[in-house]
Amino acid sequence: MDGTLLFQLFVNGLSIGAIYILLVFGLQLIIRTTGIVNFAHGEMYVFGAYTFWFTYSVLDLHLGFAVILTVIVMAIISGVVYRAVFHYVQARFKADTPLSDKALMSAMASIGLMMVLSRIIVLYFGTDQKGIPSFLPQVFVFSGIRLPAERLSIILIAVLIAGILSFFFFGTKLGKAMRAVSTDSLASKLMGINSDRIFIASFALGSILAGVAGLLIAPVFALDPAMGTEIIFMAMLVMVFGGINSYKGAVYAGITVGLAESFGYYFIGIISHVLLFVMVMVFLIFRPGGFFGEALE
Amino acid sequence: MTYVAAGLGMSFNMVYSTRLITLGAAAFYAIGAYSSTLLTIKLNLSFWLALPLATVIAGIVAFVVGVIIIRTGTLTFVIMTLLFCLIIYQLVGSISWLGGWGGFINIPRPNPISIPYIGEISFQSRVPFYYLGLCLILLVALIYQSLYSSRIGRAWKAIKQSERVAASMGINVFWYKTLCFVVASSASGALGSFYAHYYQIVIPDMFTGFISIYIQIYSALGGLEYYILGPAVGAAIMIFVPELLNIAQDIQPIIFGSMLVIIIVFFPGGIIGSLKKLNQKKNRKKNEIRRKC
């Protein structure tokens, strides 16, 4: 056991944590603004990864062009999904209903959606794993520590995205409107905000975040259609751990869970998932709302 | 199988009666099956002792888990129960003492029992099992019905209407919710025990999180508001219709998933609820015509 291995595990953990953070940001954005619990979020992540694979590796487009195309496709898919399903869930409730009613109904509906979408991915792309040639094959070596550039790039891009998001929420009109709707959708409606448009925009933004997470993970791991259902549960665990309505909690919880997974998997194998779950359960005894959240009704 | 599905659906509806959604049915189902299997194989207990013990074990686990996660709020409860399913799945798979991924085979069938007037019943063929399952499911339905019509059931109803009002009426919301979760989960455990001895094998793949989701579909199809009849109708339809139509395994999840979405979003009452609504509309029209005349 030497220091370099530990450091590499640390970097791997951070990069997994960064992926979790991006996914959880998307989930939280959707929950807080629209009140919808989206179990199909993991499939958005898979869609993102596969779109990127298709554009970058099959169509052989330029990297930047492929990324932009992925984002656009994610926006379109999520818009269609929202309009087809969640719009009707939304229409069932008045603006001032408590969050939990809407959350329960949308949770049930989105589980159905998850089944449909994951099956569509399997039917369309097949069950075999697909790899993407790495676009950053370099490996930095610092005094014996080998750091793959793509892992570092995940961390950097996640930090960058967090910065852009905070600018978006506090600096732009659309972001401010989203925050207003998430605080009180009835009052913001009275102030002249088109809340339907905000709902669909925030759903699309959340899904784009998931798609970007999938895009970032695509060169590191091989793509397979089951990866969405695997990661959505971990992301949900991270969200519960950090507190459902706290972005700050998501960051801390994402890093903790990412590191715990990376070290735990190396040292004790697959049982580490069980221990992680038990750890979160014990944590919830003392803080039912997670790191920074309050328990929702 | 229909019995088991119906019973699990009833448990789902029961938990829903306090405005919680549990996706942990498969976990307690697995706990029941595994504890019953271990008791009969490792300790050589008879099935008739293992079934109640499995029920109790599932109840105890549900109590421990429930006390922790019910406090965390509705949304977290949904997520944590689903995660609990996956964790149990991984736990029984990765520990070799619990059978590993291969599971157990040759689980003993129940000992023959002798009932006065009927004679001895041995459980070597499937027919007695059919009646055993029927008895079990009727027992579960009976217990649920008596709970619903008692003080406890009325408290659950109050909680479903509004938690705050219920709390201000002196109902201890937390303990009533926990009770609901424990009763529903131990019923799942009993059904799991029955299932293990019926098929004589348990493998982890029988207890994935998808079981919980399918159970949710059964309940939603029958009607979430109809606690006992709803899941029974839903499970019967969902198990017989795909076999009759011979739907390919490939597209089954697409059909089931879209069915769940459509039911939840457009017909929240399920089949029974929609039929009732239709009936009411007819009656109203009849009345209108009568008034016009």
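Residues numbered from 1 in each chain as written. Chains lettered and ligands numbered in written order. Predicted model: local features only at pLDDT ≥ 70, side-chain atom pairs only at ≥ 80, totals over all residues. Heavy atoms only, no water.

Glancing now at the overall build of chain A. The number of helices and strands found in chain A is 11 helices and two strands. When the helices and strands of chain A are listed from N to C terminus, the series reads α-α-α-α-β-β-α-α-α-α-α-α-α. The C-alpha radius of gyration computed for chain A amounts to 19 Å, which stays within 12% of the reference 19 Å derived for 297 residues, consistent with globular compactness. In terms of principal-axis extent, the alpha carbons of chain A reach across some 60 × 50 × 40 Å. With 297 residues in all, chain A has 54% of them scored as buried. (Helix = DSSP H or I, 4+ residues; strand = E, 2+ residues; numbered from the N terminus. Rg over C-alpha atoms; globule rule 2.2 N^0.38 Å. Buried < 20%, exposed > 50% of the residue type's maximum accessible area, 1.4 Å probe, protein only.)

A few words now on the overall build of chain B. Tallying secondary structure elements over chain B gives 12 helices and two strands in all. For chain B, the succession of helices and strands along the chain, N to C, is α-α-α-α-β-β-α-α-α-α-α-α-α-α. For a compact globule of 293 residues, the expected C-alpha radius of gyration is about 19 Å, and chain B comes in at 20 Å, within 12% of that figure. Expressed as lengths along the three principal axes of its C-alpha atoms, the size of chain B is roughly 75 × 50 × 45 Å.

All names here are of chain A. Burial along strand β2 (residues 145-148) is one-sided: I145 and L147 are buried, while R146 and P148, pointing the other way, are not. As paired strands, strand β1 (residues 139-142) and β2 are joined by four bridges and run antiparallel to one another. Bridge pairing in β2 places F142 opposite I145. (Pairing = 2+ DSSP bridges.)

All right, on to the interface of chain A and chain B then. On the chain B side, the residues contacting the 42 residues of chain A number 46 residues. Overall, the association of chain A and chain B removes approximately 4,000 Å² of surface from exposure, summing both partners, and the carbon and sulfur fraction of that is 80%. Interface area lost by chain A to chain B is led by L104(A), M108(A) and M115(A), which between them contribute 18%. Where chain A touches chain B, the interface holds zero salt bridges. Here chain A and chain B share one residue pair in polar contact (both at pLDDT 80 or more) between them. Sorting elements by how many residues they give to the side of chain A that touches chain B places helix α4 (residues 99-125) of chain A first, with 16 residues. Class assignment of the residues belonging to the side of chain A that touches chain B gives a composition of 35 nonpolar, three polar and four charged. (Contact = heavy atoms within 4.5 Å. Buried area = accessible area lost by both parts, 1.4 Å probe. Salt bridge = Lys/Arg side-chain N within 4 Å of Asp/Glu carboxyl O. Polar contact = N/O pair within 3.5 Å; in protein donor to acceptor, adjacent residues only side chain to side chain. Nonpolar A, V, L, I, M, F, W, Y, C, P; charged D, E, K, R; others polar.)

The next thing to look at is the pattern of salt bridges. Residues and elements named next belong to chain B. Throughout the structure, instances matching the rule amount to one salt bridge over all chains. Ionic pairing is found between E163 and K177, a salt bridge with its closest N-O pair at 2.9 Å. Taken together, the residues E163 in helix α7 (residues 163-168) and K177 in helix α8 (residues 173-199) connect sequence positions 14 residues apart. The same class applies to E163 as to K177, namely buried.

Scanning the entire structure with this criterion turns up 32 aromatic pairs over all chains. When the centroid spacing of 4.4 Å and the interplanar angle of 25 degrees are considered together, the rings of Y50(A) and F125(A) count as stacked. Placement of the pair is Y50(A) in helix α2 (residues 41-58) and F125(A) in helix α4, with a sequence separation of 75 residues. Take Y50(A) and F125(A): they sit in the same class, and that class is buried. Chaining the aromatic ring pairs together yields one cluster made of Y29(B), Y34(B), F104(B), F194(B), Y195(B), Y198(B), Y199(B) and F207(B). (Phe/Tyr/Trp six-rings, centres within 6.5 Å; stacked < 30°, edge-to-face > 60°.)

Once that is clear, we can look at the nonpolar core. Core analysis: the biggest nonpolar cluster contains 188 residues, and I19(A), F39(A), Y45(A), F86(A), M14(B), M80(B) and Y144(B) have the highest contact counts within it. Of all the elements, α8(B) adds the most residues to this core, at 14 residues. Excluding its chain neighbours within four sequence positions, the residues that come into contact with F86(A) are I36(A), N38(A), V81(A), S106(A), S110(A), L113(A) and F203(A). (Core = buried A, V, L, I, M, F, W, Y, C linked by side-chain atoms within 4.5 Å.)

Moving on, we come to helix α10 (residues 247-268) of chain A. All names here are of chain A. The terminal C-alpha atoms of α10 lie 30 Å apart, and with 22 residues this matches the ideal 32 Å at 1.5 Å per residue to within 8%. Structurally, α10 contributes buried residues whose contacts are with α1 (3-34), α9 (227-242) and α11 (272-286). Capping the start of α10, S246 holds a side-chain oxygen 3.5 Å from the backbone nitrogen of K248, two or three residues further along. Trailing α10 by a residue or two, G269 shows a phi angle of about 80 degrees, which is positive. (Expected span 1.5 Å × (residues − 1).)

The next thing to look at is the side chain of S212(B). Residues and elements named next belong to chain B. Among the secondary structure elements, S212 is positioned in helix α9 (residues 209-222). According to the relative accessible area criterion, S212 is buried, its value standing at 2%. Among all residues touching S212, those that are not within four sequence positions of it are L23, G24, A25, A26 and C85.

Our next topic: a nonpolar patch on the surface. All names here are of chain A. A cluster of nonpolar side chains, contributed by L6, Y266, F267, I268 and L275, occupies part of the molecular surface with about 480 Å² of accessible area. In terms of residues, the nonpolar patch owes the most to one element, α10, which gives three residues. With respect to the element layout, L275 can be found in helix α11. Look at L275 and you get partly exposed, because its relative accessible area is 46%. (Patch = residues over 30% accessible without salt bridge, like charges linked within 9 Å, V, L, I, M, F, W, Y side chains within 5 Å. Areas by Shrake-Rupley, 256 points an atom, 1.4 Å probe, with all protein chains shown as cover.)

So, on to a positive patch on the surface. A cluster of basic side chains, namely R92(A), K277(B), K281(B), R284(B) and K285(B), defines a positive patch on the protein surface. Take the positive patch: its biggest share by element is four residues, from helix α12 (residues 270-292) of chain B. Along the chain, the position of R92(A) falls in helix α3 (residues 63-92). (Lys, Arg positive; Asp, Glu negative; His and termini not counted. Charge placed at Lys NZ, Arg CZ, Asp CG, Glu CD.)

Residue and element names in this part refer to chain A. Relative to the helices and strands, I208 is located in helix α8 (residues 195-217). Residue I208 is classed as buried on the basis of its relative accessible area, which comes to 18%. Not counting the four nearest positions on each side in its chain, I208 is found in contact with V71, M74 and A75.

Residue and element names in this part refer to chain B. Where helix α2 (residues 25-42) meets α8, the axes come as close as 7 Å, and the angle between the chain directions of the two elements is 50 degrees. When the axis of α2 is compared with that of α8, the two are oblique. Every pair of crossing elements has a handedness; the one defined by α2 and α8 is right-handed. Counted together, A25, F28, Y29, G32, A33, S36, T37 and T40 of α2 and F181, S185, S188, G189, L191, G192, S193, Y195, A196 and H197 of α8 form the full contact between these two elements. Of the residues in the contact of α2 with α8, the class split is eight nonpolar, 10 polar and no charged. (Axes fitted to C-alpha atoms, helices over the stretch in contact; angles between N-to-C directions. Parallel < 35°, antiparallel > 145°, perpendicular 65-115°, else oblique. Left-handed = near helix turned anticlockwise from the far one by under 90°.)

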